[in-house]
Amino acid sequence: MATSSVSKGCFVFKPNFKKRKISVPIEDYFNKGKDESEDSKLRFETYHLIWQQMKCETQRLQEELNKNLFDSLIEFLQKSHSGFQKNSKDWGSQIKLREIPTAALVLDLKHFLQKLVSQLMDCCVDVESKEEESAQKKTHCSMDSLSSWYTNVTQKTDPKMPRKKRTSSQWQSPPVVLILKDMESFTTKVLQDFIIISSQHLHEFPLILIFGIATSPIIIHRLLPHAVSSLLCIELFQSLSCKEHLTTVLDKLLLTTQFPFKLSEKVLQILTNIFLYHDFSIQNFIKGLQLSLLEHFYSQPLSVLCCSLPEAKRRIHSLSDNQCENIRRLPSFRRYVEKQASEKQVALLTDERFLKEEAQSLLENLYVYHTNYFLVLRCLHQFTSSLPKYPLGRQIRELYCTCLEKNIWDSEEYASALQLLRMLAKDELMTILEKCFKVFKSSSEKQLGSTAKKIEELLAQFQSLDEAKEEEDTSGSHSKGLQKTDLYHLQKSLLEMKELRRTSKKQTKFEVLREKVVNFIDSLVREYLLPPDTQPLHEAVYFSAAHTLREHLNAAPRVALHTALNNPYYYLKNEALKSEEGCIPNVAPDICIAYKLHLECSRLINLVDWSEAFATVVTAAEKMDANSITSEERNEIIHARFIRAVSELELLGFIKPTKQKTDHVARLTWGGC
Amino acid sequence: MSKPELKEDKMLEVQFVGDDDVLNHILDREGGAKLKKERAQLLVNAKKIIKKPEYDLEEDDQEVLKDQNYVEVLGQDIQGPDWHPERPRGSILSTPVTRSLKNGSATDGGNKVYSFQNRKHSEKMAKLASELAKTPRKSVSFNLKNDPEIMINIPQCSKGHPASDKVQLKNNDKGEFLSTTPRGLRKRLMVPRSHSDSESEYSASNSEDDEGVAQECEADANEVILRPKSQAQNRVVSAPVCKETPSKKMKRDKTSDLVEEYFEAHSSSKVLTSDRTLQKLKRPKLDQQTLRNLLSKVAPSFSAELKQLNQQYEQLFHKWMLQLHLGFNIVLYGLGSKRDLLERFRTSMLQDSVHVVINGFFPGISVKSILNSITQEVLDHTGTFRSVLDQLDWITNKFKEDSSLELFLLIHNLDSQMLRGDKSQQIIGQLSSLHNIYLIASIDHLNAPLMWDHAKQSLYNWLWYETTTYSPYTEETSYENSLLVKQSGSLPLSSLTHVLRSLTPNARGIFRLLSKYQLDNQESPSYAGLSFQDFYQQCREAFLVNSDLTLRAQLTEFRDHKLIRTKKGADGVEYLLIPVDSGTLTDFLEKEEEES
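Along each chain, the written sequence defines residue order, and numbers are assigned to residues from 1. Chain labels run from A onward and ligand labels from 1 onward, assigned in the order the entries are written. Local features in this predicted model are restricted to residues whose pLDDT is 70 or higher, and side-chain atom pairs enter the listing and the counts only when it is 80 or higher, whereas totals over whole chains, interfaces and linings include all residues. The side-chain numbers reported here are obtained from all heavy atoms of the structure, hydrogens and water having been left aside.

Named according to an unreviewed UniProt entry, chain B is Origin recognition complex subunit 2 originating from Equus caballus. We quote the UniProt Subcellular location (unreviewed entry) comment for chain B here in full: "Nucleus". UniProt positions are given in the numbering used here, feature names are shortened, and annotations may be inferred rather than shown by experiment. Among the UniProt annotations of chain B, the heading Subunit (unreviewed entry) holds the following wording: "Component of the origin recognition complex (ORC)."

Going by an unreviewed UniProt entry, chain A carries the name Origin recognition complex subunit 3 and comes from Equus caballus. Under the UniProt heading Subunit (unreviewed entry), the entry covering chain A gives this text: "Component of ORC, a complex composed of at least 6 subunits: ORC1, ORC2, ORC3, ORC4, ORC5 and ORC6. ORC is regulated in a cell-cycle dependent manner. It is sequentially assembled at the exit from anaphase of mitosis and disassembled as cells enter S phase." If you open the UniProt record of chain A and go to Subcellular location (unreviewed entry), you find "Nucleus".

Right under this line is the structure:
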């Protein structure tokens, strides 16, 4: 069956019923494309498992993060509703009633709201929103019919009401909640009219509006004139900022040993950049994460080891010879082998069993490395996140990126951060240390248990310093209390004090201790925050193909088009197409030539001139061919090619027909070359 | 004097240089070719042909320069401004201002046009310079062997001096200097004409919207015509000055200049382009069929490379299937038709599953028809729906209820005219967000991604794949009313013949009479149509009608088929007109004569 026709544009293909039964399992697509299909089934299963876990985790996180918001929102709804109940009896407060309680909800992400919709309301919202849209157009859909519908529903169908509302069923007439997801995108006129009309009907039709606002609350007043906004009684609920949200997601998904899968520096950088500079969308971030996970398991045969430690150890045993060879080929593993004694080298390269055992211990090391890594990272973040100017970044993700990339202690920023740490005051240091202590305490890992103890000691020393200082204070208090004196004496005494301090080079106890703390954290960093590519077998868990991620998530179709038109050699690796920048060889595809020519024109292009220029170029290119056909025919063919090129450019949106001048087309882009 | 002939002339000249040389030029040398009497060369040179009028004006003043000043100018330039090949041409933008000031004679009104011209001019210079500067590397090796004259030229080339032609002129036969470059050739083509047509070859485009503007345009156009002489003279004086200015101005910020350039070009409603029309070209409009036939004779170039590209993409099919199943949707972008690729994907991967192919480029496509084919053909539903949204809801529910249902949607050109609307995209997006509907689509338009805001993008959940194929958009462009393809023309013609064929011979005669009269009188601008009385007289004389009633009845029939239009003239008399352009009418008459 062909898929082109002049009479229709949709073609349905239904396979025979029998055939349809055999549906190919998804796993099959996982391996078929690749030649080496090592453990692909297992890999796909692992992918699925990890992804499900991650998905659950993110959902849980989102719920948690928005719990506060939802709670206060629900509370608000209840409150406003009770007001309605009173008012329905008390006509005196008619004016107050006119104010529709409005909850303005500042949300960054839509799907929370959708969740909210499903939580709070069931069927009625659908009916509502539809009728709201059409209220302006259709006459039979008046507010009256709406309120009569409402009284009907409330009278006969309490059980039909959503559960949420029923639980608090002391309400005789539950309010109707209308959620406007994206307030900015509403037509203001419609919105205004709706608010005015519904405020008139409020006594019989209790309505609560919830606006979802993505920008700033001021937008309400900009969209609605005073006359309308005064009908609303607005309360503002602020959701968590998306950046904080990102931090939490990163914290729970990546900066943890719970999930074995890790991102390399470049990948993480790309994902955060897309988030920060393109969309502020957590959903997209998670999509990126999913794609990296998929790509990792798809392209890396050894990703089969990317699972929990006991499982991975088990899997190592059943690795095939091919997979062992894959391990040997890993750059990180080769580096590791080179460092070993020659006997061991031979064993690693020849003995499968020995290799497997070694790999097991290496995996274990990797696991331990990660545990320590994140603890120390958090600890370092405690230290650096409060420094002025944030030399190592305010967010932990920035710090993480730097640490992933290189030895952080070689960087200038780290040096300056340490400088700044050496200037911290005591109470600051102590709060940081306490936080660090908590971080270490939270982990049950033994290796760093001593570190926790050490921090405890340091804290104790600070405390004892306090007491010591008090004594010192009492002893030196008299000197501090400067008596009233004249300027000359003051200067003199200050100079003396300064002199005194310089001569007595000896640091105070506090300074010694502070130095100790800084050295302590420095040693921790140097020991544990090695970049992951120093670790053997890191390739199994780290996804590093950043370019594929960028290609598929953050594509630039315009750039691709531009390159294809300007530099066909980029795609068609033919020597004849090789050219210097800005030029195009005359043998290039027709559309490239036509494009190049059209760049020379300003707003309008004369088709005749264009076609002649095109013919010139193309004829030049064809000169090389045998002159078998007549020139007239050749001219016709060239003209046809020109027509094709022009209509293709039109399809691509570079030009459009214009009536400004006969036989002219208008350019739709600006600038040339 | 027809153009093609001239071209042939010139081509003969080309061969005169020697076949080997020609080949060499075409193949390798870019700059070298330019200096020959050769039209066959790189784009770089060819595009000069479509240059704007100032171009010719420029040529004029260059002549003067040649005669008097070229040595000085050259000297100036060699030591002077550091012409940068890479420099964006915008950066010399500001020269016009200074220059027009120096000109002094430029009036206020003409200033705009003038600066615009100069803008183009300076742009061209920079362009030329940059391109010349790029060529030497290759041309040197060749030229050294062959022609000494070009050797002299090379240093200038690398300096990127636009006047390098003149060096050539000097070495060449001085009498024929104009024909040395393609531009010169164009010039030569133009000169004789400009005597007869008196420069009207070029004029400002008459903007359709406003009469006042149109008048202004005319005034400006006149000024353009008047200017050449004075400009040329002025330029001689000011040439050294203007050669110096660029170096200073080039320091300007390039982005701000780009912006400036944009507004400069768009500030005036007129654009200077040549007035030539396709009719003068004597090239018949091709219809779709002949176009295809002609194109089929062209051997596709780079087929090996293209095949390789395609194979590369075909290896992704499995991955696409996987990703589609995992909840992503796939969008393909990049130059070239992706229809064949998707078709191969369909035939190799989707044979065993339900799928719908949607040709977005089909002019009659709509979301409604897509939804209809899903409900009626895929889900075998016979009922109708109140609205598209209802239908969407129904489909959504159906797919949510039955998770064993699976549907692949292949949309060619998701960004086509018919589907790019906000609502259509919203609906398709919602369809694609269903977990058991898999969407794989292609986009081609430059600005296609602008269709989707964040909300829609999250519905679509795209994974982007670049698939540049360079395949011609044969199917995609066959529907659209293309610029040069005779579609709009063939339709009235065929309808004319069809309608008339169903009429009596007498009626046909009547119509032929009217069309002949119209063709005879089409030249006169005051022709308003044939008055009914005159027409009746003529018809009687030709024994076509016997009373004015029969004629009236006949005319009513014509009018019903929209073959004629009647207009009341100023004197209250009815005038008859055939609302078809004269070209089609001539074709029609010729056809009629052939048949009878």
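Visitor: It is not clear to me how the overall build of chain B should be interpreted in this structure. Could you clarify?
Guide: Each helix and strand counted, chain B has 29 helices and 10 strands in total. Per-residue accessibility, obtained with a 1.4 Å probe over protein chains only, is compared with the maximum for each type, and a residue is labelled buried under 20%, exposed over 50%, and partly exposed between these values. Expressed as a percentage of its 596 residues, the buried residues of chain B come to 53%. Within chain B, contacts between residues at least 6 apart in sequence are counted, and of these 74% link residues at least 24 apart. Note on areas: Shrake-Rupley with a 1.4 Å probe; residue coverage comes only from the protein chains shown. Accessible area of chain B: about 27100 Å², with a carbon and sulfur share of 52%. Numbered from the N terminus, helices here are DSSP runs of H or I no shorter than four residues, and strands are runs of E no shorter than two. Should any heavy atoms of two residues lie within 4.5 Å, those residues are considered in contact.

Visitor: How do you make sense of the nonpolar core when you look at a structure like this?
Guide: If you look at soluble globular proteins, the nonpolar side chains tend to sit buried side by side. Nine residue types can take part in a nonpolar core, namely buried Ala, Val, Leu, Ile, Met, Phe, Trp, Tyr and Cys, and a core is a set of them joined through side-chain atoms within 4.5 Å. Counting residues in hydrophobic clusters, the biggest one holds 218 residues, and the most contacted among them are Phe 333, Phe 383 and Trp 610 of chain A together with Ile 374 of chain B. When residues in this core are grouped by element, the largest group, 14 residues, is from helix H19 (residues 352–384) of chain A. Core analysis: the next-biggest nonpolar cluster, separate from the first, contains 29 residues, Phe 511, Leu 577, Ile 578 and Leu 585 of chain B among them.

Visitor: Just to check I follow, could you spell out the sheet that holds strand S8 (residues 530–531) of chain B for this structure?
Guide: Two modes of strand pairing occur in sheets, parallel and antiparallel, and in both the strands are linked by backbone hydrogen bonds. Residue and element names in this part refer to chain B. Spatial ordering of the open sheet is given by S8-S10-S9, a layout of three strands whose pairing is antiparallel. Each of the sheet's edge strands pairs with one partner strand only, and the pair in question is S8 and strand S9 (565–568). Bridge count for S9 against strand S10 (residues 574–577) is four bridges, and the pairing is antiparallel. Bridge pairing in S10 places Lys 567 opposite Tyr 575. Each pair of strands is called paired provided DSSP finds at least two bridges between the two strands.

Visitor: Looking at this structure, I do not really get unusual backbone geometry. What am I missing?
Guide: In most cases, non-glycine residues show a negative phi, while peptide bonds are predominantly trans. Residues and elements named next belong to chain A. The backbone phi angle of Lys 389 is positive, close to 65°, even though this residue is not glycine. Relative to the helices and strands, Lys 389 resides in the loop between H19 and helix H20 (396–405). In the Ramachandran plot, Leu 537 falls in the positive-phi region, its phi being about 70° despite a non-glycine side chain. Structurally, Leu 537 can be placed in the loop between helix H25 (509–528) and strand S7 (542–543). Judged by relative accessible area, which is 1%, Leu 537 ranks as buried.

Visitor: Help me out: how do you make sense of helix H16 (residues 321–329) of chain A in this one?
Guide: The periodicity of an α-helix, 3.6 residues per turn, causes residues three or four positions apart to be oriented the same way. Every buried residue of H16 of chain A is accounted for by Gln 323, Cys 324, Asn 326, Ile 327 and Arg 328 of chain A. Contacts from the buried residues of H16 of chain A go to helix H17 (331–339), helix H18 (342–350) and H19 of chain A.

Visitor: Looking at this model, I keep getting lost on the pairing of strand S4 (residues 355–359) of chain B. Mind explaining?
Guide: On a regular strand, one side chain projects to one face of the sheet and the next to the other, so that they alternate. Residue and element names in this part refer to chain B. Among the five residues in S4, five count as buried, and that is most of the element. Across the two faces of S4 the burial is the same, with His 355, Val 357 and Asn 359 and Val 356 and Ile 358 all buried. Bridging between S4 and strand S5 (residues 407–412) involves five bridges; their strand directions are parallel. Paired with Val 357 across the bridge in S5 is Leu 410.

Visitor: Sorry, what's going on with a negative patch on the surface here?
Guide: Patch criteria: residues need more than 30% relative accessible area and no salt bridge. Like-charged residues are merged within 9 Å; nonpolar side chains of Val, Leu, Ile, Met, Phe, Trp and Tyr are merged within 5 Å. Any Lys or Arg side-chain nitrogen located within 4 Å of an Asp or Glu carboxyl oxygen qualifies as a salt bridge. Here Asp and Glu are counted as negative and Lys and Arg as positive; His is not counted, and neither are the chain ends. All charge positions are set by atom: Lys at NZ, Arg at CZ, Asp at CG, Glu at CD. Taken together, the side chains of Asp 581, Asp 587, Glu 590, Glu 593 and Glu 594 of chain B present a region of like negative charge at the surface. Among the structural elements, Asp 587 of chain B can be located in helix H29 (residues 582–595).

Visitor: Help me understand the pairing of strand S3 (residues 329–333) of chain B, please; the structure alone is not making it clear to me.
Guide: Residues and elements named next belong to chain B. The buried count for S3 comes to five of five residues, which makes it a mostly enclosed element. With burial as the criterion, each face of S3 is covered, one bearing Asn 329, Val 331 and Tyr 333 and the other bearing Ile 330 and Leu 332. Here S3 runs beside strand S7 (residues 462–466); their pairing, made up of five bridges, is parallel. Bridge assignment links Ile 330 to a residue of S7, and that residue is Leu 463. Relative to strand S6 (residues 437–442), S3 runs parallel, the two sharing three bridges.

Visitor: Can you help me understand the packing of helix H14 (residues 282–299) of chain A against helix H26 (residues 546–553) of chain A in this one?
Guide: Two numbers describe a pair of packed helices, the interaxial angle and the distance between the axes. All names here are of chain A. Every angle, taken between N-to-C directions, lies between 0 and 180 degrees, and every axis is a line fitted to C-alpha atoms, over only the stretch in contact when it is a helix. Contact pair H14 / H26: the axes reach a minimum separation of 10 Å and the direction vectors enclose 130°. Accordingly, the angle class assigned to the pair H14 and H26 is oblique. Note on packing geometry: the crossing formed by H14 with H26 is right-handed. On H26, the residues that touch Lys 287, Gly 288, Leu 291, Ser 292 and Glu 295 of H14 are Thr 548, Leu 549, His 552 and Leu 553. Throughout this entry, Asp, Glu, Lys and Arg are counted as charged residues, while Ala, Val, Leu, Ile, Met, Phe, Trp, Tyr, Cys and Pro are counted as nonpolar. The remaining residues, Gly among them, count as polar. A breakdown of the residues in the contact of H14 with H26 according to their chemical character gives three nonpolar, four polar and two charged. Angle categories are assigned with fixed cut-offs, so that under 35 degrees is roughly parallel, over 145 is roughly antiparallel, 65 to 115 is roughly perpendicular, and the rest are oblique. Crossing handedness follows the turn of the near helix against the far one: under a right angle anticlockwise gives a left-handed crossing, and clockwise gives a right-handed one.

Visitor: Looking at this structure, how should I read the sheet that holds strand S10 (residues 664–667) of chain A?
Guide: All names here are of chain A. The sheet built from three strands is open, its strands ordered S8-S10-S9 with antiparallel pairing. The open sheet terminates on both sides in strands that have one partner only, identified here as strand S8 (604–606) and strand S9 (655–657). Between one strand and the next, the sheet's axes are offset by a mean angle of 35°, whatever the strand orientation. With three bridges connecting them, S8 and S10 associate as antiparallel partners. Bridging across to S10, Ile 605 finds its partner in Val 665.

Visitor: Even after reading the chapter, I still don't get the packing of aromatic side chains, so can you show me in this structure?
Guide: The relative placement of two aromatic rings is captured by the distance of their centres and the angle of their planes. All names here are of chain A. A pair of Phe, Tyr and Trp rings is counted when the ring centres sit within 6.5 Å of each other, with Trp represented by its six-membered ring. The angle between the planes then sorts it: under 30 degrees is stacked, over 60 is edge-to-face, the rest tilted. Using the criterion set out here, one finds 28 aromatic pairs over all chains in the structure. A centroid spacing of 5.7 Å and a plane angle of 85° characterise the contact between Tyr 373 and Phe 374, whose relative ring orientation is edge-to-face. Note on accessibility: Tyr 373 and Phe 374 belong to one class, buried. Centroid distance Tyr 570 to Tyr 571: 5.0 Å. Interplanar angle 75°. Geometry classified as edge-to-face. In this structure Tyr 570 comes out as partly exposed when scored by relative accessible area, which is 48%.

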